[in-house]
Amino acid sequence: MGLQAIKGFNDILPAEMNTWQWVENVFRQLLSSYNYGEIRLPLLEYTELFSRSIGDDTDIVEKEMYTFHDRSNRSLTLRPEGTASVVRAFIQHGMAATGNINKLYYLGPMFRYERPQKGRYRQFYQLGAEVFGEEDYHQDAEILIMLARYFHVLGVGSAKLNLNSLGCKHCRPAYRQALQDYLQRHGEYLCGDCQRRMQKNPLRVLDCKRPDCRKVVAEVPKILDYLGVDCQAHFDGVIRLLDEVGIDYHVNPFMVRGLDYYTRTTFEFIAGDLGAQNAVAAGGRYDRLVEELGGKPTPAIGFAIGMERLAMLVDSDSVPVSAPFIYLAALGESALNILYPLRHKLNQAGVGAVLNYRQKSLKNLMKKADRNNVVYTLIAGDQEIEQGAAILRNMKTKEQQTIPLNTLFTNIREVFDGHQNN
Ligand code: ATP
Ligand code: MG
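Residues numbered from 1 in each chain as written. Chains lettered and ligands numbered in written order. Predicted model: local features only at pLDDT ≥ 70, side-chain atom pairs only at ≥ 80, totals over all residues. Heavy atoms only, no water.

Once that is clear, we can look at the overall build of the protein. Broken down by element type, the protein carries 15 helices and 16 strands. Taking 422 residues into account, the globule formula puts the C-alpha radius of gyration at 22 Å, and the protein, at 28 Å, lies well above it. Taken across its 422 residues, the protein has 54% of its residues classed as buried. For the protein, long-range pairs separated by at least 24 residues make up 70% of all intrachain contacts whose partners lie at least 6 apart in sequence. For the protein, the accessible surface area stands at approximately 21100 Å², while carbon and sulfur atoms represent 49% of it. The centroid of the 49 positive side-chain charges in the protein is displaced by 5 Å from the centroid of its 49 negative side-chain charges. (Helix = DSSP H or I, 4+ residues; strand = E, 2+ residues; numbered from the N terminus. Rg over C-alpha atoms; globule rule 2.2 N^0.38 Å. Buried < 20%, exposed > 50% of the residue type's maximum accessible area, 1.4 Å probe, protein only. Contact = heavy atoms within 4.5 Å. Areas by Shrake-Rupley, 256 points an atom, 1.4 Å probe, with all protein chains shown as cover. Lys, Arg positive; Asp, Glu negative; His and termini not counted. Charge placed at Lys NZ, Arg CZ, Asp CG, Glu CD.)

Structure representation (structure tokens):
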């Protein structure tokens, strides 16, 4: 066998890209309408950025990062997620001081050394966004409503919102203590990793996927019983706004998410149809991260959507097709000489046109036109050319009309404009 792509690294072929581009375009439009600006970030960062933000005891940092030393012996990591880089850029470029744009979105590949399976890859794509400088719970609800709206537009309305609050630096310590006490008393069935995490970072135990650990977790104290007055009001506010617009949600007090930086609101959108890898989007507040990475204290909240999982949920029949508008069927040399410049002119005018170069049989050409899903075919054989005309055929109604060669471009463009306005 010839060379293959690396396991867990996928080619996304044109047939799938149709869905991807639609999903991305709808995302861009929606996010710009909420006043987000796009940010493009490097794929490589200093390893320290991720270990400091995501947390040393998380699965991502402990075992999933692509980390290596470059030729100058610096430790670099292929980004496993987007938030850390956005925060780094926010601080580095003094974006807090420039005021207005504090809403950023990104799309691109992320890398994690995980076991490849359906919905889980080693290079995967995320669509994500971050908002800096807004502490109010309206912002949290705004993001959740925007995401629910996005899934609805894509026909993925079944993705269900799971919600929790992780409290803040004032209420978290008491919960951490209560959790640690409980785990110390009941944690003998926890896995080796969790035995260790229980001491250093007990909240991480809540995120362990092992069945025995999940059984223990189902009984632990709930963070929601430990929220301080402000965190409780914040959480209640988010819930009230969701109720007002009728968004369905499930409060899950054991959801901590796989990254250490979250505070207050955390969430996941879960889609039953996806099987084991069922989270299609996730995110939350991280009010302390900017400060922890060296910036001025700035509240923040964000989310990331898994592109592959989202594309799996989208019904490809509902994706607008981007087929060429017209197939130019040149039957012979003199027809080719006329249609060749015409195709460039049409393409440059934004009319999708494809042209065959070497083909003698009309039947084969019509088959190709059909396969291309075009709206019209222009048929030009030597006989037509001699008579100074070509035949324009509507592929759906099968109606044909003869158009003079010297007005081909204008006529086709008129038909195209008429079709667009329909
Ligand atoms: P999971 O619980 O499925 O491992 P996660 O909590 O690690 O997800 P996040 O780091 O929050 O996920 O990333 C946000 C989204 O990115 C996920 O909800 C998922 O849709 C997607 N995602 C995460 N890891 C992968 C992966 N290895 N392959 C494909 N998509 C992924
Ligand atoms: Mg994961």
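There is more to say after this.
Glancing now at helix 9 (residues 229–245). Taking 1.5 Å per residue, 17 residues should reach 24 Å; helix 9 reaches 25 Å between its end C-alpha atoms and fits that length. Along helix 9, the residues that are buried comprise Cys231, His234, Phe235, Gly237, Val238, Ile239, Leu241 and Leu242. Contacts made by the buried residues of helix 9 are with helix 5 (137–153), strand 7 (160–165), strand 8 (249–251), strand 9 (263–270) and strand 10 (279–285). Taken from the residues just after helix 9, Gly246 is the one with a positive phi, measuring 75°. (Expected span 1.5 Å × (residues − 1).)

Our focus in this paragraph is a negative patch on the surface. On the surface, a cluster of negative charge is made up of Glu134, Glu135, Asp136 and Asp230. Looking at the secondary structure, you find Glu135 in the loop between strand 6 (123–132) and helix 5. (Patch = residues over 30% accessible without salt bridge, like charges linked within 9 Å, V, L, I, M, F, W, Y side chains within 5 Å. Salt bridge = Lys/Arg side-chain N within 4 Å of Asp/Glu carboxyl O.)

Our focus in this paragraph is the sheet that holds strand 12 (residues 326–331). Strand order in this open sheet of 5 strands is 13-12-14-15-16, and the pairing throughout is mixed. Both outer strands of the open sheet, strand 13 (353–355) and strand 16 (400–404), are each paired with one neighbouring strand and no more. Ignoring strand direction, the axes of neighbouring strands in this sheet form an average angle of 25°. In this structure, strand 12 lies alongside strand 13, joined through 3 bridges in parallel fashion. Of the residues in strand 13, the one forming a bridge with Ile326 is Ala353. The strands touched by helix 15 (residues 408–421) are strand 12, strand 14 (376–381), strand 15 (389–394) and strand 16; relative to strand 16, the strand with the most contacts, the crossing angle is about 140°. (Pairing = 2+ DSSP bridges. Axes fitted to C-alpha atoms, helices over the stretch in contact; angles between N-to-C directions.)

In contact at an axis separation of 11 Å, helix 1 (residues 14–33) and helix 5 are set at 145° when each is read in the N-to-C sense. In this structure, helix 1 meets helix 5 at a crossing whose hand is right-handed. Judged by residue contacts, Trp22, Val23, Val26, Phe27, Leu30 and Leu31 of helix 1 engage Met146, Tyr150 and Val153 from helix 5. Its residues assigned to classes, the contact of helix 1 with helix 5 shows 9 nonpolar, no polar and no charged. (Left-handed = near helix turned anticlockwise from the far one by under 90°. Nonpolar A, V, L, I, M, F, W, Y, C, P; charged D, E, K, R; others polar.)

If a residue is not glycine, its phi is most likely negative; likewise, a peptide bond is most likely trans. A positive phi angle, close to 70°, is found at Asn35, a residue other than glycine. Within the element layout of this structure, Asn35 appears in the loop between helix 1 and strand 1 (37–38). One non-glycine residue, Asn373, lies in positive phi territory at about 60°. Along the chain, Asn373 falls in the loop between helix 13 (362–371) and strand 14. Given the relative accessible area of 58%, Asn373 is considered exposed.

The full set close to ligand 1 counts 15 residues, and Arg112, Glu114, Arg120, Arg257 and Ala279 are the nearest of them. A distance of 2.7 Å separates an oxygen atom of ligand 1 from a polar side-chain atom of Arg112. One of the backbone N or O atoms of Tyr121 is found 2.9 Å from a nitrogen atom in ligand 1. Calculation on ligand 1 without its partners gives an accessible area of 580 Å², and the protein chains cover 91% of this total. The set of elements that each furnish at least two residues to the shell around ligand 1 consists of strand 6, strand 10 and strand 11 (300–306). (Near = heavy atom within 4 Å. Polar contact = N/O pair within 3.5 Å; in protein donor to acceptor, adjacent residues only side chain to side chain.)

A few words on the nonpolar core. Core analysis: the largest hydrophobic core is formed by 101 residues, its most contacted members being Tyr150, Phe151, Phe269, Ile305 and Leu310. Other than its neighbours up to four places away in sequence, Ile305 contacts Phe27, Tyr125, Gln126, Leu127, Leu147, Tyr150, Phe151, Val280, Ala281 and Leu310. (Core = buried A, V, L, I, M, F, W, Y, C linked by side-chain atoms within 4.5 Å.)

This paragraph deals with the pairing of strand 4 (residues 75–78). The pairing of strand 2 (residues 44–46) with strand 4 spans 3 bridges and is classified as antiparallel. Bridge assignment links Leu44 to a residue of strand 4, and that residue is Leu78. Pairing geometry for strand 3 (residues 66–69) and strand 4, over 4 bridges, is antiparallel. Across the sheet, Phe68 pairs through a bridge with Leu76, a residue of strand 4. Here strand 3 folds back onto strand 4 in antiparallel fashion, the turn holding 5 residues, of which Asn73 has a positive phi close to 65°.

The next point concerns the packing of helix 5 against helix 9. Closest axis-to-axis distance for the helix 5/helix 9 pair is 8 Å, and the angle between their directions is 40°. With respect to helix 9, the axis of helix 5 lies oblique. By crossing handedness, the relation of helix 5 to helix 9 is classed as right-handed. The segment helix 5 lies against helix 9, with Tyr137, His138, Asp140, Ala141, Leu144 and Ile145 engaging His234, Gly237, Val238, Arg240, Leu241, Leu242 and Val245. A breakdown of the residues in the contact of helix 5 with helix 9 according to their chemical character gives 8 nonpolar, 3 polar and 2 charged. (Parallel < 35°, antiparallel > 145°, perpendicular 65-115°, else oblique.)

With that settled, the discussion passes to the packing of aromatic side chains. This model, assessed by the stated rule, comprises 18 aromatic pairs. Both rings, one in Phe90 and one in Phe132, keep their centres 4.0 Å apart while their planes meet at 15°; by these two values the pair is stacked. Taken together, the positions of Phe90 in helix 4 (residues 83–92) and Phe132 in strand 6 put the pair 42 residues apart, joining distant regions of the chain. Each member of the pair, Phe90 as well as Phe132, carries the same accessibility label: buried. Relative to Phe416, the ring of Phe325 has its centre 4.9 Å away and its plane inclined at 80°; by these criteria the two rings are edge-to-face. Remark: Phe416 occurs in helix 15 and Phe325 occurs in the loop between helix 11 (307–313) and strand 12; sequence separation between them is 91 residues. Judged by relative accessible area, Phe416 falls into the buried class, the value being 12%. Here the aromatic residues Phe27, Tyr105, Tyr150, Phe151, Phe267, Phe269 and Phe303 are joined through ring pairs into a cluster of three or more. (Phe/Tyr/Trp six-rings, centres within 6.5 Å; stacked < 30°, edge-to-face > 60°.)

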